[in-house]
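# Chains, contacts and geometry: an overview
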Amino acid sequence: MIKGKSLFRLLNYLKPYGGLVAGALIMGILGAGISLIFPWLVKIIIDRVLIQKDLLLLLFITFGIVFIFFIKGLTSYIQNLWVSKAGFRVITKLRSELYQHIYSLSASFFQENPTGDIISRMTNDVTNIQNLFSHTFMNIFMDLLILIGSIGVCFYINWKLTTLSIVVFPLVGLSIDYLGKKIRGASHLLQSKTAVLTQLIERTVSGIKIIQSYVSGHYEVEKFEKENELNFYLAMKQAKAKALLTPLVELVSSVGLTIMIWFGGREVVFGKLTPGGLVAFLGYIATAAAPLSHISNGIQSLQQSLASAERIFEILDTAPRIQDLPESVPIHSVNQEINLKDIYFSYGGEVILKNFSLQIPKGEKIGIVGPSGAGKTTLLNLLLRFYDPDQGRIEVDGVDIRKIKMSSLRQQIGVVLQDSLVLGGTVRENILYGNLNASMDEVIDAAQRAHAHEFIVRLENSYDTDLGDLGKRLSGGQKQRIAIARALLKNPPILVLDEATSSLDPESEDYILDTIHNHIGKDKIVILIAHSLRMVKDLDRIVLIKDGEIQDIGAHQELLKNSSYYYQIFGRDL
Ligand SMILES: Nc1ncnc2c1ncn2[C@@H]1O[C@H](COP(=O)(O)OP(=O)(O)OP(=O)(O)O)[C@@H](O)[C@H]1O
């Protein structure tokens, strides 16, 4: 079934380019008309030039053919150009809309939709729609014109012969279609099995260290061999069906043709059709056959493109779960405090944070500590409004953050994430992300305060070194220091560091501690999510979390005196 709603929605995108599309359609009609002239020329050549020996007409036709081909080429060129221009404009717009929309979507959307799926919608599905605009639409239009035109002329030449062919040729078409389906079925299966092979290779390449260290290569090789053999079997099955297709099609077609020639020949002999008329008739049948076989492919690719359009519109129609309210106001600084009031939160299932209240005044450096899964990162997610609490609220300077413009709220917070993401591009670009207007001196200053400068200048191109795909060439600690430099360059009133559980060596920890205690303004709020005692013991306060609730809170000395949980967490280090 054709997905009508998506089709109309897509066509709406074409509206601003209506002139181009109309022009392309006119060119298409001209081109189709010209294609229909050729068999008729053959009729004239046979009946008037060859039988009546009209040499002047032959000369005229010969030059005419060159002229007709020239016009046909010109219409086809203009048509393709215009239709492509309109199509590419639509695709460019759609892609921009998608990109901007994705950027605005809430964290929950990315949680619920696998990254691969989102990327595939933005790339493969957009390409499918591109095909629709650049050729599918126009091909279907041209095919229909040529098909209807050829059958019309056939009726004009000889209605009996045409009626007969309308009975015979669809039978030929059906048998060809049946074979085609068999091949398609085989190649679908082959494709999915080839994908399995690719996955196996991918798994081996990316997991080569584990495979080699567990000496489990033979197991992987066996699995690969099995899939490879299956691939061979399926490829042969497909090859057999393909090899059979042409002879069978020719055989079936020749039966149809024989019937035509027998009946048409009798019409010529009885003087009801000229010899040229019969040849032209067969020419028109051949002209009609091509679009007939294309149309089913065209409709299939139309369906495919519309399925893609649906997948794209699904994203465009997803409203961000977390949005600014009409009355949201921007903030420009944090002058007093962050206040978490009685927060309850779950990601949909189990409750992660319960009855969570915490006040952090300006200038405080606070540590958040607790076992893995206790809900520490979730606090950060709520503060940044990636999610909203189910109950309770977070206030900044007494204003509920749901009433603060989201972009201005995030502007006040510098984050160094647990898996300190380094984006592609150079070191300088990565740090500049914190403040695109910063000067090179400011970039270097931020890097120095983050203890990143020393290793950056040792890289082959210093600040201009390309970090490659997600900074694969850096160690965990180095990535973290670049991320800290980025946050420092942003110079926000609130800085949150979500420390990786295991990736930091003591030296990196020392660097971060030095940055926190000596290179961040005294008026900043620093929230450090940490796993080791040395990271938190000199902070103003430490919050101990257990199962989403605050268990104890205080400075190191107080906790030493009063908190058994503190001993439980850091027992060995105390
Ligand atoms: N997007 C999510 N959807 C569903 N559950 C989630 C999501 N993110 C985290 N969780 C769950 O919420 C709980 C708290 O996770 P959170 O990341 O806040 O813990 P954490 O204390 O920061 O842990 P770690 O120290 O390991 O980083 C965990 O049980 C986790 O599995």
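As annotated in an unreviewed UniProt entry, the protein carries the name Putative ABC transporter ATP-binding protein and comes from Atribacter laminatus. According to the UniProt record, the Subcellular location (unreviewed entry) comment for the protein reads "Cell membrane".

## Things to note about the environment of Ala319
Assignment of secondary structure puts Ala319 in the loop between α9 (275-316) and β1 (337-346). In this structure, the C-alpha to C-alpha distance between Ala319 and Ser106, residues 213 residues apart in sequence, is 8.6 Å.

## Comments concerning the site of the ligand
Among the 13 residues in the neighbourhood of the ligand, the closest are listed as Tyr347, Ser372, Lys376, Thr377 and Thr378. It is helix α10 (residues 376-383) that contributes the most residues to the shell around the ligand, three residues altogether. Looking at the shell around the ligand residue by residue, the class counts come to three nonpolar, nine polar and one charged.

## A look at the nonpolar core
In this structure, Val369, Ile431, Ala447, Ala485, Ile527 and Leu528 are the most contacted members of the largest nonpolar core, which totals 68 residues. The biggest single contributor to this core is helix α15 (residues 476-490), with seven residues. When residues of this core are assigned to domains, at least three fall in each of domain 2 (322-412 + 493-574) and domain 3 (423-491). Among all residues touching Ala447, those that are not within four sequence positions of it are Ile431, Ala452, His453, Ile456 and Ala485. Tyr17, Val21, Ile129 and Leu306 belong to the second-largest nonpolar core, a separate cluster that totals 21 residues.

## Some remarks on α10
For an α-helix, 3.6 residues make a turn, and residues three or four places apart therefore share a direction. Of the positions making up α10, those classed as buried are Lys376, Thr378, Leu379, Leu382 and Leu383. When α10 is viewed along its axis, its buried side chains cluster within an angular range of 160° and face the same direction. Residue Arg385 follows α10 closely and has a positive phi angle near 55°.

## Some points on the UniProt feature "transmembrane region" (unreviewed entry) in the protein
The sites that UniProt annotates as "transmembrane region" (unreviewed entry) are residues 20-42, 54-74, 140-159 and 243-264. Each end of residues 54-74 is marked by a C-alpha atom, and these two atoms are 30 Å apart; helix forms 95% of the span and strand 0%.

## Some remarks on the sheet that holds strand β3 (residues 365-369)
If you walk across this open sheet you meet the six strands as β6-β7-β8-β3-β9-β10, and the pairing is mixed. The sheet is open, and its two borders are formed by β6 (413-416) and β10 (549-554), each paired with just one other strand. This sheet shows a mean twist of 15° between the axes of neighbouring strands, independent of strand direction. Relative to strand β8 (residues 525-529), strand β7 (residues 494-498) runs parallel, the two sharing five bridges. Bridge pairing links Ile494 to Ile525 in β8. The strands touched by α15 are β6 and β7; relative to β6, the strand with the most contacts, the crossing angle is about 175°.

Cut-offs used in this document
Residues numbered from 1 in each chain as written. Predicted model: local features only at pLDDT ≥ 70, side-chain atom pairs only at ≥ 80, totals over all residues. UniProt positions renumbered as here; feature names shortened; annotations may be inferred. Helix = DSSP H or I, 4+ residues; strand = E, 2+ residues; numbered from the N terminus. Near = placed C-beta within 6 Å. Nonpolar A, V, L, I, M, F, W, Y, C, P; charged D, E, K, R; others polar. Core = buried A, V, L, I, M, F, W, Y, C linked by C-beta atoms within 7 Å. Buried ≥ 20, exposed ≤ 12 C-beta atoms within 10 Å, placed from the backbone. Domains from an automatic or database assignment. Contact = placed C-beta atoms within 7 Å. Arc of directions from axis to C-beta. Pairing = 2+ DSSP bridges. Axes fitted to C-alpha atoms, helices over the stretch in contact; angles between N-to-C directions.

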